[in-house]
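# Working through the structure, step by step
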Amino acid sequence: MTDIAESIESVEQLAAVWRAMVLDRDAGGDVRDLPGIAVRWADCRFAFWNCVTLTDVGADASLLEQRLGAAAEIMRAKERPGFLWLFEDLLDEGARSALPAAAERAGLELAFPGVGMAGDLLPLPEPVHPELTFARVRTEEQLRAYADLNSLAYGFPLEEGRDGLAGSALWKDGVHAYLGLRDGVPVACAGAVEARGRLFVILVATDPAWQRRGYGEAVTRRALYEGARATGLKRATLHATVAGAPVYPRIGFRPNSPMLFYGLRG
């Protein structure tokens with residue numbers, strides 16, 4: 001794939017996966033596809049399930065200004081906060097230069113950066129880690145542990161992660177979601193879900209007390225290994241934070257589009 005094709009793939013993966021996640025959380029969730037904007041908003045306390053993203057390819061500065069204003073208005077109309085996910089490589093050079101000022105005019109502020117990644121890397125060898133065992137999420141207790149690991153890793157109150165995942169049938173059956181257990185205690189987690197002929201890696205997290213031991217990489221490999229065995233898929237995609245990004249090239253992912261996450265100012 002060319003770089004722009006991978007950036008388009010990345011935003012399409014977000015739209016596809018987040019549609020499923022939002023509707024799993026709330027069958028009446030907002031999953032509209034508007035001109036240049038995909039809305040994927042569960043309006044729940046777990047901010048990652050409240051998402052809008054820009055979908056135009058090659059948007060110029062004028063179109064970017066319009067889309068940012070419209071996206072911010074959608075976000076203001078919601079009860080719960082969330083993020084605008086913006087894939088920089090979908091903008092033309094002028095729009096990228098104009099982005100900081102345009103975002104400020106729309107009432108948006110940068111929350112954190114990220115990066116899209118992809119790779120034709122499957123199947124993987126069966127993963128092992130000398131300190132971990134792996135368990136697929138099948139019970140509500142395991143799902144709560146998965147949610148809590150994400151809350152701890154991203155600095156959310158535990159109740160917010162649980163509000164996003166509690167009671168989900170999709171996460172117990174449709175997502176290849178795995179816990180990494182150290183002496184029986186969940187310390188890391190990762191999921192892989194099929195979307196448009198890819199496996200999308202989702203909600204990877206490690207308990208901050210147990211980071212830098214290779215746990216996140218190991219459990220991500222497990223989710224991909226099991227997902228590929230079940231589906232036969234060869235290509236995988238993901239969206240990473242800056243902190244998590246160094247893990248994934250070791251598995252075989254290649255960075256493509258830089259991403260920026262914006263929230264409403266004030």
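As the structure is a computational prediction, the values presented were derived from the model and not from experiment.

## Thoughts on the overall build of the chain
For the chain, the count of helices and strands is seven helices and eleven strands. Here the C-alpha atoms of the chain give a radius of gyration of 18 Å, agreeing with the 18 Å that 2.2 N^0.38 yields for 266 residues. Here the C-alpha coordinates of the chain stretch approximately 55 × 40 × 30 Å along the principal axes. Residues classed as buried in the chain amount to 55% of the 266 residues present. Residue pairs at least 24 apart in sequence account for 75% of intrachain contacts in the chain once pairs closer than 6 positions are excluded. Working note: accessible area of the chain is about 11300 Å², and carbon and sulfur atoms make up 51% of it. The averaged location of the 35 negative side-chain charges in the chain is 3 Å from the averaged location of its 29 positive side-chain charges.

## Some details on the packing of helix 2 (residues 61-76) against helix 3 (residues 93-105)
At a closest axis distance of 9 Å, the pairing of helix 2 and helix 3 adopts a crossing angle of 30°. Judged by the inter-axis angle, helix 2 sits roughly parallel to helix 3. The crossing of helix 2 and helix 3 is right-handed. Contacts between helix 2 and helix 3 involve A61, L64, E65 and L68 on the former and, on the latter, G94, A95, A98, L99, A102, A103 and R105. Here the residues of the contact of helix 2 with helix 3 sort into eight nonpolar, one polar and two charged.

## Digging into the nonpolar core
One broad trend across soluble globular proteins is that nonpolar side chains are buried collectively. Core analysis: the largest hydrophobic core is formed by 41 residues, its most contacted members being W18, W49, W85, Y146, W171, I202 and L203. A per-element tally of this core places helix 1 (residues 3-25) first, with six residues. Discounting chain neighbours no more than four positions away, the residues touching W18 are R40, F48, W49, C51, W85, F200 and I202. The next biggest cluster of nonpolar side chains, apart from the first, holds 29 residues, and it includes L199, A223, L238 and I251.

## Some remarks on the pattern of salt bridges
In the structure shown here, the tally under the stated rule is 23 salt bridges. Ionic pairing is found between R235 and E9, a salt bridge with its closest N-O pair at 2.7 Å. Highlighted residues: R235 in the loop between helix 7 (215-231) and strand 10 (236-241) and E9 in helix 1, separated in sequence by 226 residues. R162 is the salt-bridge partner of D148, the closest N and O atoms lying 2.8 Å from each other. Of this pair, D148 sits in helix 4 (residues 140-154) while R162 sits in helix 5 (residues 158-165), and the two are 14 residues apart along the sequence. Exposure remark for D148: the relative accessible area of 14% places this residue in the buried category. One connected set of salt bridges, linked through shared partners, spans E6, E9, D120, R198, R235 and R254.

## Things to note about helix 4
With 15 residues, helix 4 extends 21 Å from end C-alpha to end C-alpha; this agrees with the ideal 21 Å at 1.5 Å per step. Taken as a whole, helix 4 has its buried residues at L143, A145, Y146, A147, D148, L149, N150 and S151. Packed against the buried residues of helix 4 are helix 5, helix 6 (170-173), strand 7 (176-182), strand 8 (185-195) and strand 9 (198-206). After helix 4 finishes, the residue G155 shows a positive phi value of roughly 75°.

## Let's talk about the sheet that holds strand 7
One open sheet accounts for eleven strands, arranged 1-2-3-4-11-5-10-9-8-7-6; its pairing is mixed. Here the strands that pair on one side only, and so sit at the sheet edges, are strand 1 (33-34) and strand 6 (133-136). Here helix 2 sits on the sheet and contacts strand 1, strand 2 (37-41), strand 3 (50-54), strand 4 (83-87), strand 5 (108-119) and strand 11 (254-264); the angle it forms with strand 3, its principal contact strand, is near 170°.

## As for the environment of G244
Structurally, G244 is set in the loop between strand 10 and strand 11. For G244, a relative accessible area of 19% translates into the label buried. Linking G244 and R213, residues 31 residues apart in sequence, is a C-alpha distance of 13 Å.

How each quantity is defined
Residues numbered from 1 in each chain as written. Predicted model: local features only at pLDDT ≥ 70, side-chain atom pairs only at ≥ 80, totals over all residues. Heavy atoms only, no water. Helix = DSSP H or I, 4+ residues; strand = E, 2+ residues; numbered from the N terminus. Rg over C-alpha atoms; globule rule 2.2 N^0.38 Å. Buried < 20%, exposed > 50% of the residue type's maximum accessible area, 1.4 Å probe, protein only. Contact = heavy atoms within 4.5 Å. Areas by Shrake-Rupley, 256 points an atom, 1.4 Å probe, with all protein chains shown as cover. Lys, Arg positive; Asp, Glu negative; His and termini not counted. Charge placed at Lys NZ, Arg CZ, Asp CG, Glu CD. Axes fitted to C-alpha atoms, helices over the stretch in contact; angles between N-to-C directions. Parallel < 35°, antiparallel > 145°, perpendicular 65-115°, else oblique. Left-handed = near helix turned anticlockwise from the far one by under 90°. Nonpolar A, V, L, I, M, F, W, Y, C, P; charged D, E, K, R; others polar. Core = buried A, V, L, I, M, F, W, Y, C linked by side-chain atoms within 4.5 Å. Salt bridge = Lys/Arg side-chain N within 4 Å of Asp/Glu carboxyl O. Expected span 1.5 Å × (residues − 1). Pairing = 2+ DSSP bridges.

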